[in-house]
Amino acid sequence: MRAKGLAPRAIILAAGSGRRLHGAGGDCPKCLLRVGSATLLHRQLAALRASGIADITVVAGYQESRVAEACGTTARVIENARYAETNSLFSLWLARDLLAGGFLVLNGDVLFHPQLLRDLVCSGVEDALLVAFRDPVLEPFGVEEMKVQVRGGRVADIAKTLPAERADGENVGIAKFGPAGARQLVAEMDAIVSRGGVREWAPRAFQAFARVRPLHAIGTRGFPWIEIDFPEDYARASQEVLPSIEATCDPAAAAPAVPTLAPEPMEAEWRPQPGHV
């Protein structure tokens, strides 16, 4: 049974070639990197199905045929034939005709604890972004992180270029939008693409969205995750993050329910939640 508030479909953005991995894991698309006994793609497909989402689309580009073969009958595949000259916003825009009823969107290079997906889809708000709030004892974010500023429980700004001192957390790479939010996001993507912004990251559209409609920030609550961009990320995913996920992912022990967030602006002072990146 589908949980209340769950988007009816999911889009996995998996068009990239993973050139910054410099051959770590072979020449396969990043979504087909094997972490432990399964690929990133199969782990995401399994997490979505476990959350009651069976309508899944993968936007592939580099070695699209290999991705399609890996998906089999579990997901439809849309090809971004311009993957080498575009970015994740364009990949999501290619799937725009599928978004009208609301959707989840996932970056295909993210390894994450399944509870993060459950927290997002059961959060009680229509439009939301998973955010790993910064631990103040850790180093400030660098130029690589997609940084997020949060005010009153909502995304105020999101960009890699956001000054580190203004960043409250990092984008995990998973978001959801309800029917009305999906329409607004498509309008924002249409405007960006029409201006030639095909090389923008998908969060560029999220940034524009958050200026006109609330985009709620859902914290990771310390559950492990990692985005795999570089060889050191791949090593850490296999050696640290996956064992941490497996150690805390006991299906016999139900995770505590995530509190329902109020759609209205939060008047109380906002404080960062603990996160694990």
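## Section: the overall build of the protein chain
Thinking step 1. For the protein chain, the count of helices and strands is seven helices and 13 strands.
Thinking step 2. Counted over contacts in the protein chain with a minimum sequence separation of 6, partners at least 24 positions apart contribute 74%.
Thinking step 3. Of the roughly 12600 Å² of accessible surface on the protein chain, 52% is carried by carbon and sulfur atoms.

## Considerations on the side chain of Q207
Thinking step 1. Within the secondary structure, Q207 sits in helix 6 (residues 202-210).
Thinking step 2. Apart from the residues lying within four places of it in its own chain, the contact partners of Q207 are D157, I158 and A159.

## With respect to the confidence of the model for the protein chain
Thinking step 1. Per-residue confidence for the protein chain averages 88 on the pLDDT scale, and 87% of its residues sit at or above 70.
Thinking step 2. Here residues 1-5 scores under 50 on pLDDT; set against residues more than four positions off or in separate chains, the count is eight contacts.

## A few points about the packing of helix 5 (residues 179-194) against helix 6
Thinking step 1. Between helix 5 and helix 6, the least distance of the axes is 9 Å, while the angle of their chain directions is 120 degrees. Between helix 5 and helix 6, the angle is such that the two are oblique. Viewed along their axes, helix 5 and helix 6 form a crossing whose handedness is right-handed. Residues G181, Q184, L185, E188, M189 and I192 of helix 5 form the contact with helix 6, whose own contacting residues are R204, A205, F206, A208 and F209.
Thinking step 2. Of the residues in the contact of helix 5 with helix 6, the class split is seven nonpolar, two polar and two charged.

## Re helix 6
Working note: α-helix, 3.6 residues per turn, so residues spaced by three or four point in the same direction.
Thinking step 1. For helix 6, the tally of buried residues reaches eight of nine residues, placing the bulk of the element in the interior.
Thinking step 2. Turning to helix 6, its buried residues are A202, P203, A205, F206, Q207, A208, F209 and A210.

The rules behind these values
Residues numbered from 1 in each chain as written. Predicted model: local features only at pLDDT ≥ 70, side-chain atom pairs only at ≥ 80, totals over all residues. Heavy atoms only, no water. Helix = DSSP H or I, 4+ residues; strand = E, 2+ residues; numbered from the N terminus. Contact = heavy atoms within 4.5 Å. Areas by Shrake-Rupley, 256 points an atom, 1.4 Å probe, with all protein chains shown as cover. pLDDT = per-residue confidence, 0-100. Axes fitted to C-alpha atoms, helices over the stretch in contact; angles between N-to-C directions. Parallel < 35°, antiparallel > 145°, perpendicular 65-115°, else oblique. Left-handed = near helix turned anticlockwise from the far one by under 90°. Nonpolar A, V, L, I, M, F, W, Y, C, P; charged D, E, K, R; others polar. Buried < 20%, exposed > 50% of the residue type's maximum accessible area, 1.4 Å probe, protein only.

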